[in-house]
Amino acid sequence: MNTKIVIQQFDLLMEGKLGAALSGKYFDAVNPSNGEVFARIADADTVDVQMAVSAARLGFDHGRWPQMDVAQRGAFLLKIALLIRENAKELADLECASSGKTIKHATFIDVPTAAETFEYFGNLSGKLNTETMRNSSSVLSIIEREPVGVVVTIIPWNYPLILTAWKLAPALIAGNTVVLKPSPAACASVMFLAKLAAQVGLPKGVLNIIASSRPQAGQELVGSPEVDMVSFTGSTKTGEAVMALASKGVKKLTLELGGKSPNIVFADCDMEAALGGSLSAIFMNQGQMCTAGSRLLVEDKIYQEFVEKLVARAKNLKIGPADSFETEFGPLVSVEQRNAVLKFIEKGKQEGAKIACGGKIPDINSKGAYLEPTIFINVRNNMSIAQEEIFGPVLCVISFTSLEEAVQIANDSKYGLAAMVWSKDLEKANKVARRLRCGTVWINTYGAFLNEVPFGGYKQSGYGRELGLAGLLEYTQLKHIATDQTPGGKSLVTSWF
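Residues numbered from 1 in each chain as written. Predicted model: local features only at pLDDT ≥ 70, side-chain atom pairs only at ≥ 80, totals over all residues. Heavy atoms only, no water.

1. Examining the overall build of the chain
Threshold: A run of H or I in DSSP counts as a helix once it spans at least four residues, and a run of E counts as a strand once it spans at least two, with each numbered from the N terminus. What the globule rule says is 2.2 Å times the number of residues to the power 0.38, and the radius of gyration is computed from C-alpha atoms. Throughout, a residue-residue contact means that at least one pair of heavy atoms, one from each residue, lies within 4.5 Å. All accessible-area figures derive from a Shrake-Rupley calculation using a 1.4 Å probe, and residue coverage is judged against the displayed protein chains alone.
A count of helical and extended segments in the chain gives 15 helices and 23 strands. For a compact globule of 497 residues, the expected C-alpha radius of gyration is about 23 Å, and the chain comes in at 24 Å, within 12% of that figure. Along the first, second and third principal axes, the C-alpha atoms of the chain reach 80 × 55 × 40 Å. Across the chain, the fraction of contacts at a sequence separation of at least 24, relative to all contacts at a separation of at least 6, is 73%. About 20,600 Å² of surface is accessible on the chain, with carbon and sulfur atoms providing 52% of the total.

2. Observations concerning the sheet that holds strand β5 (residues 36-42)
Our working definition: Here, a strand pair is defined by DSSP locating no fewer than two bridges between the strands. Here the axes come from fitting lines to C-alpha atoms, over the contacting stretch only for helices, and the angles between their N-to-C directions go from 0 to 180 degrees.
Read across the open sheet, the three strands follow the order β1-β5-β4; overall the sheet is mixed. Bordering the open sheet on either side are β1 (8-10) and β4 (26-31), each of which pairs with just one other strand. When strand polarity is set aside, the average angle formed by the axes of neighbouring strands in this sheet is 30°. Pairing geometry for β1 and β5, over three bridges, is parallel. Opposite Q8, over in β5, you have A39 as the bridge partner.

3. Topic: the sheet that holds strand β15 (residues 354-357)
Note: strands within a sheet are paired through backbone hydrogen bonds, in either parallel or antiparallel orientation. Taken in spatial order, the seven strands of this open sheet run β15-β16-β17-β14-β13-β19-β20, and their pairing is mixed. Only two strands of the sheet have a single partner each, and these edge strands are β15 and β20 (440-443). Recorded for the sheet is a direction-independent mean angle of 25° between the axes of neighbouring strands. As paired strands, strand β14 (residues 295-299) and strand β17 (residues 394-400) are joined by five bridges and run parallel to one another.

4. A few points about the packing of helix α3 (residues 88-99) against helix α6 (residues 188-197)
Applicable threshold: To sort the angles, those under 35 degrees are grouped as roughly parallel, those over 145 as roughly antiparallel, those from 65 to 115 as roughly perpendicular, and the leftovers as oblique.
It is at 7 Å that the axes of α3 and α6 come closest, and there the two elements cross at 150°. With respect to their mutual orientation, α3 and α6 come out roughly antiparallel. Along its contact with α3, which presents E90, L91, L94, E95 and S98, the element α6 presents A188, S189, F192, L193 and L196.

5. Description of the packing of aromatic side chains
Our working definition: Only rings of Phe, Tyr and Trp enter the pairing, Trp through its six-membered ring, and a pair is recorded when the two centres are within 6.5 Å. The plane angle decides the type: under 30 degrees is stacked, over 60 is edge-to-face, the rest tilted. For each residue, the accessible area found with a 1.4 Å probe, counting protein chains only, is set against the maximum for its type, and the residue is called buried under 20%, exposed over 50%, and partly exposed in between.
Taken as a whole and judged by the stated rule, the model has twelve aromatic pairs. A centroid spacing of 5.2 Å and a plane angle of 85° characterise the contact between F449 and F455, whose relative ring orientation is edge-to-face. Assessed through its relative accessible area of 35%, F449 is described here as partly exposed. Residue classification places F455 among the buried residues on the basis of a relative accessible area of 4%.

6. Comments concerning the pattern of salt bridges
Applied cut-off: Take a side-chain nitrogen of Lys or Arg and a carboxyl oxygen of Asp or Glu: if they are within 4 Å of each other, that pair is a salt bridge.
Scanning the entire structure with this criterion turns up 16 salt bridges. Between D61 and R57 there is a salt bridge; the shortest N-O distance is 2.9 Å. Here R57 and D61 lie together in helix α1 (residues 46-62), a separation of four residues that amounts to about one turn. Using a relative accessible area of 43% as the deciding quantity, one classes D61 as partly exposed. One salt bridge in this structure joins K428 and D268, with 3.1 Å as the shortest N-O distance. In this pair, K428 sits in helix α14 (residues 426-435) while D268 sits in the loop between β13 (262-265) and α9 (271-283), placing the two residues 160 residues apart along the sequence. Ionic contacts of the salt-bridge type, sharing partners, join the residues D45, R214 and E220 into one network.

7. Re the side chain of S212
The line we're drawing: Each polar contact in these results corresponds to two N or O atoms within 3.5 Å; when the atoms are within protein, one needs to be able to donate a hydrogen and the other to accept it, and residues that are neighboring in sequence are counted only if both atoms are side-chain atoms.
Note that S212 resides in the loop between β10 (207-209) and α7 (216-223). A polar contact is formed between the side chain of S212 and the side chain of D43, at a distance of 3.5 Å. Within polar-contact distance, the side chain of S212 engages the backbone nitrogen of R214 at 3.1 Å. When sequence neighbours within four positions are dropped, the list of residues in contact with S212 reads F27, D43, A44, P184 and A217.

8. Concerning the side chain of S423
Considering the arrangement of structural elements, one finds S423 in the loop between β19 (418-422) and α14. A polar side-chain atom of S423 sits 3.0 Å from the main-chain amide nitrogen of D425.

9. A closer look at the environment of T164
Inspection of the secondary structure assignment puts T164 in helix α5 (residues 160-173). Taking relative accessible area as the criterion, T164 reaches 0% and is therefore assigned buried. Spatially, the C-alpha atoms of T164 and I355 are 36 Å apart, while their sequence positions differ by 191 residues. Ignoring anything within four residues of it in the chain, the contact list for T164 reads I155, L180, V190 and L193.

Quick look at the structure:
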């Protein structure tokens with residue numbers, strides 16, 4: 001039975017309190033499964049943006065949050081994690097209705113992953129301790145990790161809950177104050193999380209979560225002189241604009257951007273595992289993933305057999321409304337996104353690629369954003385569909401004859417976020433992995449994201465890391481304090497005058 005969500009209203013979180021935008025305006029959240037409005041979100045205007053940043057500035061400069069020890073801050077994160085678990089069903093329902101993510105995916109992946117991320121960083125009580133060392137016998141050096149200050153985090157619509165946790169948890173545990181802005185295209189679950197965060201008693205100004213239908217809201221946040229750091233996840237094109245705007249204030253910046261990840265299948269693979277992994281790599285979340293294995297490179301010895309079996313499996317995926325537990329493949333996030341993907345499909349056909357399956361709008365709900373899972377064959381790596389990030393359920397299959405050719409094709413991309421290698425020969429697979437120009441390589445698996453392990457890209461997929469100790473340290477800055485302990489203080493610098 002489908003879950004019907006009553007229309008809810010979500011407010012902004014600023015200065016520890018929930019409230020409407022000053023204008024009183026709200027924008028509609030539309031369910032991509034049926035085109036119906038299911039929630040109303042407070043619509044932040046320019047003044048609201050300024051207020052959120054100022055609250056974070058005051059919270060950092062004059063509040064007690066940066067001076068707390070890590071364990072004290074961690075206690076608040078653990079409270080958020082507990083509230084996520086206690087409200088798991090409502091969060092999953094909202095994630096599903098907001099983004100089109102299947103209810104199975106939201107229930108068993110997104111919600112528990114968000115809780116686990118807050119728990120992981122909430123328990124890192126000893127990771128930011130001061131390091132003390134001596135330079136010779138007379139100089140004491142203290143190296144401290146300090147919070148950067150006011151951090152703006154901007155997330156896209158494809159994984160709202162998970163990406164919120166990925167950014168908030170490390171930024172907060174490091175002692176920063178934060179303004180988070182989700183995408184208006186899918187933000188109901190994030191705004192419900194804001195409602196939960198308001199219950200944990202964070203000091204005033206520490207966490208501010210605002211949504212806005214205005215495209216310029218992100219520019220206002222990034223350009224604010226009161227902001228010290230920006231952490232952005234989104235398209236490469238938008239990332240370039242963020243980078244340019246952040247440069248004006250010389251703000252610290254991390255960018256997790258686009259991808260066109262190669263999925264390399266060798267003839268000596270476990271075919272069943274490779275078929276299942278390849279299907280997940282492109283059609284999970286309807287292909288709306290920065291790490292989607294959208295370029296499938298198959299060794300010529302098994303090309304025909306592998307493609308035939310993969311196409312058969314793709315055709316059997318159960319397409320339907322996201323809130324049904326029977327659905328394996330839901331709608332895209334919006335009709336607008338589906339139309340953008342359809343333009344790429346037409347371009348692929350014009351360039352000479354052949355559709356092996358999909359490429360059409362299924363007859364399910366005319367108001368929904370549905371699109372069949374699509375597989376292109378006869379693809380050359382220089383085609384637009386093989387080079388541009390489509391961000392939808394479109395797979396490009398390319399044949400290769402040797403390890404060298406596979407590596408060359410895989411690296412022939414402006415992106416470098418992730419890759420997959422399938423082979424029973426682990427020595428060969430690891431050799432290939434080390435030659436691939438990307439931040440993550442999965443061998444005989446797909447999508448293993450671990451809180452302990454850093455994630456990020458090479459080339460135009462961005463820089464900086466999420467998760468792990470490396471991701472945590474992105475939200476800190478180093479300070480060195482050197483104390484000369486000799487009488488007169490002359491061991492380091494001789495008096496020149």
